Amino acid sequence: MTLLEMVQNILSAMDAEEVSSIGDTIESMQVAEEIKTTYYENFGNLEVRNRFDIIQLDALADSTDKPNVLMIPTEVDHIEWIKYNKGTIAEPNYYDVQYLCQKDFLDHVFLNKSGTLASVKLPGDDEVPYQINSVQHPTYYTIFDDVYIVFDSYNSNVESTVENSKSVAYAEVLPTWSATDTFIPDLHSKFFPWLLAEAKSACFINYKGVSNSKEEQRSRRQRVQHQNNRSRLDVVEDLTGVNYGRK
């Protein structure tokens, strides 16, 4: 169902004014916003495998003292793995960069005492200084503040910083929302009756001050049905890797 179709369905159930666009009345816009809220509250984390994609990380605006740092794009929920290209764009040679928890990562980089080293700073308010190997492609990475990807080295012989154009990550991309008539939420078709029932029940309570027992019953029935089919969902959502990123 499109957003307009759901708004019209709910307005009809509420005996409200008919609309031909979600922007026609204040009430239709309120209902559209309630559908959005219901979607993110109840369905934002469903079927995460359908939302995984290959992405590139973002570069820092100023990498002067953080040449080994990239950023997680704002639309990304979490990252499962990262690869880096130690070749060129024309002749790529990707390899796995291994994740370390923050403590293990810091234990690793704080041991750097010899070799070709560069003085860098950790991202954050205090910007703690430390040293990293500056003539080697990254081997390990960690994540700070659910925003910054920090690598243990970079190869200044071929690049001045780790380059976002050479990064490849497998990540879950958050679903987007568009308040337009033709927008269809990123949701499997079998979940639309549940979304509609939940949103309709919320609209009755919030905008008419009464509960709708029939829609609440439908919502409970849909919830139980999908919980009973959880084995199928588990196959879809079977995350074999470690959840490294923002969640």
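Shown above is the structure to which this text applies.
Reading the values: the criteria
Residues numbered from 1 in each chain as written. Predicted model: local features only at pLDDT ≥ 70, side-chain atom pairs only at ≥ 80, totals over all residues. Heavy atoms only, no water. Helix = DSSP H or I, 4+ residues; strand = E, 2+ residues; numbered from the N terminus. Buried < 20%, exposed > 50% of the residue type's maximum accessible area, 1.4 Å probe, protein only. Phe/Tyr/Trp six-rings, centres within 6.5 Å; stacked < 30°, edge-to-face > 60°. Lys NZ or Arg CZ within 6 Å of the ring centre and 35° of its normal. Contact = heavy atoms within 4.5 Å. Salt bridge = Lys/Arg side-chain N within 4 Å of Asp/Glu carboxyl O.

Digging into unusual backbone geometry
Negative phi characterises most residues that are not glycine, and trans characterises most peptide bonds.
Working step 1: The phi dihedral of D145 falls on the positive side, at around 60°, and the residue is not glycine.
Working step 2: Looking at the secondary structure, you find D145 in the loop between β8 (140-144) and β9 (148-151).
Working step 3: By relative accessible area, which is 54% here, D145 ends up exposed.
Working step 4: For D146, which is not a glycine, the phi torsion comes out positive at approximately 55°.
Working step 5: Within the fold, D146 resides in the loop between β8 and β9.
Working step 6: For D146, a relative accessible area of 34% puts it in the partly exposed group.

A short note on the packing of aromatic side chains
Working step 1: For the coordinates displayed, the defined rule picks out 11 aromatic pairs.
Working step 2: Measuring from centroid to centroid gives 5.4 Å for Y39 and W177, while their planes differ by 40°, and the two rings are tilted. A residue pair is termed long-range when its members are at least 10 positions apart, and Y39 in helix α2 (residues 26-43) and W177 in the loop between β10 (167-173) and α4 (192-208) qualify at 138 residues.
Working step 3: Of the residues examined, Y39 reaches a relative accessible area of 0% and is grouped as buried.
Working step 4: Taking relative accessible area as the criterion, W177 reaches 17% and is therefore assigned buried.
Working step 5: Where W81 meets Y170, the ring centres are 5.5 Å apart and the plane angle is 15°; that geometry is what we call stacked. Taken as a pair, W81 in strand β4 (residues 76-85) and Y170 in strand β10 lie far apart in primary sequence, 89 residues in all.
Working step 6: Ring pairs connect the aromatic residues Y39, Y40, W177 and F183, which therefore count as one cluster.
Working step 7: Between K83 and the ring centre of W81, over which it is positioned, the NZ or CZ distance is 5.5 Å.

Considerations on the environment of V168
Working step 1: Summarising the element assignment, V168 is placed in strand β10.
Working step 2: Taking relative accessible area as the criterion, V168 reaches 15% and is therefore assigned buried.
Working step 3: For the pair V168 and D96, spaced 72 residues apart in the sequence, the C-alpha separation amounts to 9.5 Å.
Working step 4: Apart from residues lying up to four places away in sequence, V168 is in contact with I54, I55, W81, I82, K83 and Y94.

Concerning the pattern of salt bridges
Should their charged atoms come close, side chains of opposite charge can pair.
Working step 1: One pass over the structure, following the stated rule, counts five salt bridges.
Working step 2: Note that K66 is salt-bridged to E127, the shortest N-O span being 2.7 Å. Note that K66 is positioned in the loop between β2 (58-59) and β3 (69-71) and E127 in the loop between β6 (117-121) and β7 (129-133), a separation of 61 residues in sequence.
Working step 3: Relative accessible area serves as the criterion here: at 30%, E127 is assigned to the partly exposed category.
Working step 4: Measuring nitrogen to oxygen at the nearest pair gives 3.3 Å for the salt bridge that ties E159 to K166.
Working step 5: E159 gets classed as buried once you look at its relative accessible area, which sits at 3%.
Working step 6: Several salt bridges converge on common partners, so that one network encompasses D65, K66 and E127.

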